[in-house]
Amino acid sequence: MNPLRILFPRARRPVTFGALLPLLLFLVIFGVGCVLAEWRGWFRFSYRPAFYLAVVMPWVWWLHHAGNAGLSRGRAVVALLVRLMMIAVFILLLAEPRAVRRSDVLSVVYALDVSDSMGSKVRDQALNWIMQTATTKPQKDEAGLVVFGRDAAVELPPRSSFPFEAINSRVAKDGTDLGQAMSLAAAMLPEEHQGRIVLITDGNETEGSALAKVDELKARGVAVDVLPVAFSYDKEVWLERLDLPRVVKAGETYEASVLLDSLAAGHGTLRLRENGKQIFEKEVDYNAGKNRFTLPLYLREPGYYEYAATIDVPPGEDGWAENNIAIGDLYLRGEGQVLLLTDTKSDTRDWEPLVAALKASERIVQVRMAYEIPREATALLPYDLIIMANASADAFDAPQLQALRDAVYHHGAGLIMLGGPQSFGPGGYHRTPIEEALPVEMDVKQKKVLPKGALAIILHTCEFPEGNTWAKRIAKEAIRVLGAQDEVGLIDYAWGAQNGYNWVFPLTPVSEYDKLVPLINAATPGDMPDFHTPMQLALTGLQQSDAALKHLIVISDGDPSPPTPALVQSFVDSKISVSMIAINPHGGRDISIMQAISQQTGGRYYFPEDPAALPSIFIKEAKTLKRSMLQNKTFTPEVDFPSPVLKGIDQMPPLRGYVLTTAKPRASTVLRVPPDKQAPDQLDPLLSIWRFGLGSTAAWTSDLGQSWAQDWLGWDKYRAFVKQLAQQVSRVEQPNDLRLNTFATGNNGIISVEDFAKDEAFLEVVARVTGPRGDALDLPLRQTGSRRYQAQFPLSGKGRYQVSIAATGRAAKNGEPEQLFGGFAVPYSPEYLSFRSNPQLLQQIAARTGGRVLDPATTDLYHPERHTRESTQPVFDWLLIFLACLLPIDVAVRRVQLDWMVIRGWFSFGKKSEDSTATMGALLGRKRRVEATLATTPEPASKPIAKPPLKSAPPSIPKPAAPEAKPSDAGESISTTERLLARKRKRDQDQK
């Protein structure tokens, strides 16, 4: 068979203009419509070659014309048009059309510099100017606000209203990154609107590059208007650094030197403080430029010494007072000490036997409360071992916990945590730097069945500076201490939600903590009008939970109307405690309402005066769900792994309790709790040890005092066990021939290493610098002279910089590289080294983006030359939906026969039964007439069979003529199938 006949079958009907008309009309409408849509700007087609596929339409028409599917003319035309429409939609899908929108709305985002160099007074004036200009904008235009310093945050997204009250976003103010601020502001501008950025700053950037972002903004058509904040100091004095001796001995006098810079000559008072106590004061005269002054030092005994030098000048002789300080520290090594940390809530009997045993092993022991420890890891250098004896996480602040972790990792100190009601998971150490350092995790990952806890938090907007930022932070702190199996949910009040109240996220397992944090960060707590609705929402959610322990925390200013007594009683009946935290309450009545709710439900009431106390309060509240991890049972420890800690110890007395934990994979579990008979495969660690950085840490999940270790206090091996455990974990000093010197100069940090070994060798020296924000930087040190190596790096703000050095190239006894540690602190932000504004940079930004240089008198920002902004939106999904609707229509037109008489009867209502009866009567009458006709009509006579006549026979008598068959009888003798077959044969003969 000819392949062309398969693709182009022979038409059974002649091709006429009427047959071609549907195709021609469709092609004209489709083509003109697409051209008109793009010409008028209604749509944009990304891939125009797809329209070449329109050549398929004539072929589809030919198949339709040649096929003659037996449809009526009207249905055939409809079927053809539906098929062509499907092809057209498919072509449009391939052409990737995008709907075009036009708008002349102007969206303005104010970018306000809140860094230290701006000052609070200038910042308040800028906010007043922003409010003044935003309130005069046209109703349809939008205004938003971004605040920035070293980083940037969105205070208000662009919207037609500008409901600004106070800055709630929290950004680092010890630096300025103009480029990041402009990028964030541009990202907030809607694509469909004309956008402008109003940059309010002094132009001094300490990080990033603003000009690198200008071309990107220009390509997007975003203009940047600038409002320069001008200042200039002719007189400025600052302390650049404090140099201290690098090698010192106790009982000797040394000299320190202070490097002072000044823009003009002057005089002032130079003071030096040691560990907060003033030890030197002198009147000095200084010249313009750099000046160096020497200060006497006397080190009485080994220990850590922190020094701070300050310069005080007469009023009017200085611009910034914040840069009149330089700090440094010295560590005079002596005999290693043991630091025991406890809490005011702990019982002294729990740690006094341990202290006595350590002193008996000739160790120097200092006992301090948690709040007394320093916030710098270097201040912990005098301690070779740190013991945490039942001190909860909320007794420390975040810098203190980080300092303990860094003291182990960077400086090689040892750390032991003892068990107790305020330790490990019950103490709130989950997801803290201490958990990172310890060899155990606070979550119980075995199959031991523990009561699950459920915590719901209600956040009311906090009406104090950075209030919402604090609200989000404390919510995350509360969740952090919970176990993975616990559940947590967050409720706030936000406009647009049903009744204004909604779950930011419903009760969710804490194991999904990483997914919950972005939801918390995106929350915008509002000023809720009542307590009843959110508390009812929380009660319903907590009642549906299968948790054994349930708790609700509410933070509010107290002004919402109180819940009904029936609702409070429902909390009591459901055994759900409610703790209330009052922030800036509006009166005594408000406080009494919150107090009454917490007392009646068995919760606690807090009234903190400092927002910094909020995280510890929430941690304390969240810990109420962790008490299930305390195991009060008597057991005898079993040895799981041999260790020097057990040298000379064969048998141990029983213990009466411990805290559930899970040993980390790389940890060595020395002692364990015997497994239960019901769960022999579940092993709980009692003593675990591992290496963490340069130090070692241990987790003893029971205690060593009166509570759980009563039977150990009279044991003759108790002191030996304590001594060997302390020796195993304590810092081990390694001899070192390297000397490290670190300091800051300007915006750079300097690292210098000198080699004092007897034999000179070429060393490969690498430094790791950990900044004040935890960011790490690896630097190779290059040799700058004989036995001297140096490197520098950019500073990332004020704070302490930890420096770790590893040197290879000289054989060591243990095969490991030589290591040493140091650091320095930057006492003030680089912002305070800017003594005049930078209007030139701001003018360049405005000129290159097509913006304007504004002045404070300008209040009309919303009437520049406007340009209609076009934006496109893909319509791919809508075309797919349309195509999916055409598919069943195409099948229905060709395969479904509609009886319009029946359909018309559906809508005839009153006539339906009457017409139906008439129709049935007519049919019955017709039936009776046919039957009567059949009864009266005689049957036709049979035709006789005649024999062939003989030749001799006489002529036969003619037969009577048979009656002719009626046409109706002839038609009935031929079946419908025979007639159709006859028609088909005739048509085939005609085509030949």
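As the structure is a prediction and not an experimental result, all values here were calculated from the model.

Visitor: I would appreciate a short explanation of the overall build of the chain in the present structure.
Guide: Across its full length, the chain carries 24 helices and 40 strands. Long-range pairs, those at least 24 residues apart, make up 76% of the contacts in the chain between residues at least 6 apart in sequence. Accessible area for the chain stands at about 50900 Å²; split by element, carbon and sulfur atoms hold 55% of it.

Visitor: Would you mind showing me how to read the sheet that holds strand β38 (residues 799–808) here?
Guide: Hydrogen bonds between backbone atoms are what pair the strands of a sheet, whose relative direction is either parallel or antiparallel. One open sheet holds the seven strands; their spatial order is β33-β34-β37-β36-β35-β38-β39, and the pairing between them is antiparallel. Lying at the two open borders of the sheet, with one neighbouring strand each, are β33 (738–745) and β39 (818–826). Strand-to-strand twist across the sheet, computed as the mean angle between neighbouring axes with direction ignored, equals 25°. In this structure, strand β36 (residues 776–785) lies alongside strand β37 (residues 788–794), joined through three bridges in antiparallel fashion. In the sheet register, Arg782 faces β37, and the bridge partner there is Gln790.

Visitor: Where do I start with the UniProt feature "transmembrane region" (unreviewed entry) in the chain in this structure?
Guide: Residues annotated in UniProt with the feature "transmembrane region" (unreviewed entry) correspond here to residues 47–64 and 76–95. What you have in residues 47–64 is 50% helix and 0% strand, and the ends, taken at the C-alpha atoms, are 29 Å apart. The distance separating the terminal C-alpha atoms of residues 76–95 is 29 Å; by composition the span is 100% helix and 0% strand.

Visitor: Honestly, the environment of Ser117 in this entry has me stumped. Any pointers?
Guide: Here Ser117 is to be found in the loop between β3 (106–113) and α5 (119–134). Looking at Ser117, the relative accessible area reads 4%, which means it is buried. On a C-alpha basis, the gap between Ser117 and Phe231 in space is 9.9 Å, while along the polypeptide they are 114 residues apart. Ignoring anything within four residues of it in the chain, the contact list for Ser117 reads Asp202, Trp320 and Glu831. In this structure the side chain of Ser117 is engaged in a polar contact, spanning 2.8 Å, whose partner is the side chain of Asp202.

Visitor: Where do I start with the packing of helix α6 (residues 178–188) against helix α7 (residues 211–220) in this structure?
Guide: How two helices sit against one another is set out by the angle between their axes and by the gap between those axes. Two elements in contact, α6 and α7, have axes separated by 10 Å at closest approach and are oriented at 20°. Classed by the angle they form, the pair α6 and α7 counts as roughly parallel. The handedness of the crossing between α6 and α7 comes out as left-handed. Listed contacts from α7 to Gly179, Met182, Ser183, Ala186 and Ala187 of α6 are Lys213, Leu217 and Arg220. Here the residues of the contact of α6 with α7 sort into four nonpolar, two polar and two charged.

Visitor: Quick question: what am I supposed to make of the nonpolar core here?
Guide: In summary, soluble globular proteins display a tendency toward joint burial of nonpolar side chains. The biggest cluster of nonpolar side chains holds 41 residues, and the ones touching the most others in it are Leu687, Trp700, Trp712 and Phe721. Breaking this core down by element, the ones donating at least two residues are β15 (337–342), α8 (352–360), β17 (383–389), β18 (414–418), β30 (668–673), β31 (684–692), β32 (695–700) and α18 (718–729). Among the elements that line this core, the one with the most residues is α18, at six residues. Setting aside residues up to four positions removed in sequence, Phe721 forms contacts with Val645, Leu646, Ile649, Leu671, Leu687, Trp700, Leu704, Trp712 and Trp715. The next biggest cluster of nonpolar side chains, apart from the first, holds 33 residues, and it includes Leu401, Val408, Ala437 and Trp708.

Visitor: I keep staring at α8 and nothing clicks. Help me out?
Guide: Note that an α-helix has 3.6 residues per turn; residues three or four places apart therefore point the same way. Along α8, the residues classified as buried are Leu354, Val355, Ala357 and Leu358. Along the long axis of α8, the arc covered by the buried residues comes to 160°, so they all point the same way. Taken together, the buried residues of α8 touch β15, β16 (364–369), β17, β18 and α18. Directly after α8, the chain includes Glu362, whose backbone phi takes a positive value near 65°.

Visitor: Mind showing me how you'd approach the pairing of strand β11 (residues 277–286) here?
Guide: Look at any regular strand and the pattern is simple: side chains alternate between the two faces of the sheet. Relative to β11, strand β10 (residues 266–274) runs antiparallel, the two being bridged by nine bridges. Note that in β11 the partner of Gly266 across the bridge is Tyr286. If you look at the hairpin formed by β10 and β11, you'll find two residues sitting between the two strands, and Asn275 has a positive phi there, around 50°.

Visitor: Looking at this structure, how should I read the pattern of salt bridges?
Guide: When charged atoms on two side chains of opposite charge get close, those side chains can pair. With the rule as written, the count across this model stands at 29 salt bridges. Two residues, Arg375 and Asp397, come together in a salt bridge whose shortest N-O distance is 2.6 Å. With Arg375 in the loop between β16 and β17 and Asp397 in the loop between β17 and α9 (398–409), the pair connects residues that are 22 residues apart, well separated along the chain. For Arg375, a relative accessible area of 47% gives the class partly exposed. Since its relative accessible area comes to 23%, Asp397 is described here as partly exposed. Members of the salt-bridge network, linked through shared partners, are Glu240, Arg241, Asp243, Asp261, Lys290 and Arg292.

Visitor: Could you clarify how one ought to interpret a nonpolar patch on the surface in this entry?
Guide: A contiguous nonpolar surface patch, about 750 Å² in accessible area, is contributed by Leu7, Phe8, Leu53, Val55, Val56, Trp59, Leu63, Phe90 and Leu94. It is helix α3 (residues 56–67) that contributes the most residues to the nonpolar patch, three residues altogether. As for its placement among the helices and strands, Phe8 is situated in the loop between α1 (3–7) and α2 (17–39).

Visitor: What should I look at first to understand unusual backbone geometry in this one?
Guide: Outside of glycine, negative phi angles account for most residues, and trans bonds account for most peptide bonds. The backbone of Asn390 sits at a positive phi, close to 55°, despite the residue not being glycine. Structurally, the position occupied by Asn390 is in the loop between β17 and α9. We classify Asn390 as buried; its relative accessible area is 11%. Non-glycine residue Lys575 carries a positive phi angle of around 60°. Within the secondary structure, Lys575 is located in the loop between α14 (565–573) and β24 (577–582).

Visitor: Would you mind going over the environment of Arg44 with me for this structure?
Guide: One can find Arg44 in strand β1 (residues 43–45). Sequence-wise, Arg44 and Pro874 are 830 residues apart; in three dimensions their C-alpha atoms are separated by 9.4 Å. Dropping the residues within four chain positions of it, Arg44 is found in contact with Glu38, Glu96, Pro97, Arg98, Val100, Arg102, Glu870 and Thr872. A polar contact is formed between the side chain of Arg44 and the backbone oxygen of Glu38, at a distance of 3.4 Å.

What counts and what doesn't
Residues numbered from 1 in each chain as written. Predicted model: local features only at pLDDT ≥ 70, side-chain atom pairs only at ≥ 80, totals over all residues. Heavy atoms only, no water. Helix = DSSP H or I, 4+ residues; strand = E, 2+ residues; numbered from the N terminus. Contact = heavy atoms within 4.5 Å. Areas by Shrake-Rupley, 256 points an atom, 1.4 Å probe, with all protein chains shown as cover. Pairing = 2+ DSSP bridges. Axes fitted to C-alpha atoms, helices over the stretch in contact; angles between N-to-C directions. UniProt positions renumbered as here; feature names shortened; annotations may be inferred. Buried < 20%, exposed > 50% of the residue type's maximum accessible area, 1.4 Å probe, protein only. Polar contact = N/O pair within 3.5 Å; in protein donor to acceptor, adjacent residues only side chain to side chain. Parallel < 35°, antiparallel > 145°, perpendicular 65-115°, else oblique. Left-handed = near helix turned anticlockwise from the far one by under 90°. Nonpolar A, V, L, I, M, F, W, Y, C, P; charged D, E, K, R; others polar. Core = buried A, V, L, I, M, F, W, Y, C linked by side-chain atoms within 4.5 Å. Arc of directions from axis to C-beta. Salt bridge = Lys/Arg side-chain N within 4 Å of Asp/Glu carboxyl O. Patch = residues over 30% accessible without salt bridge, like charges linked within 9 Å, V, L, I, M, F, W, Y side chains within 5 Å.

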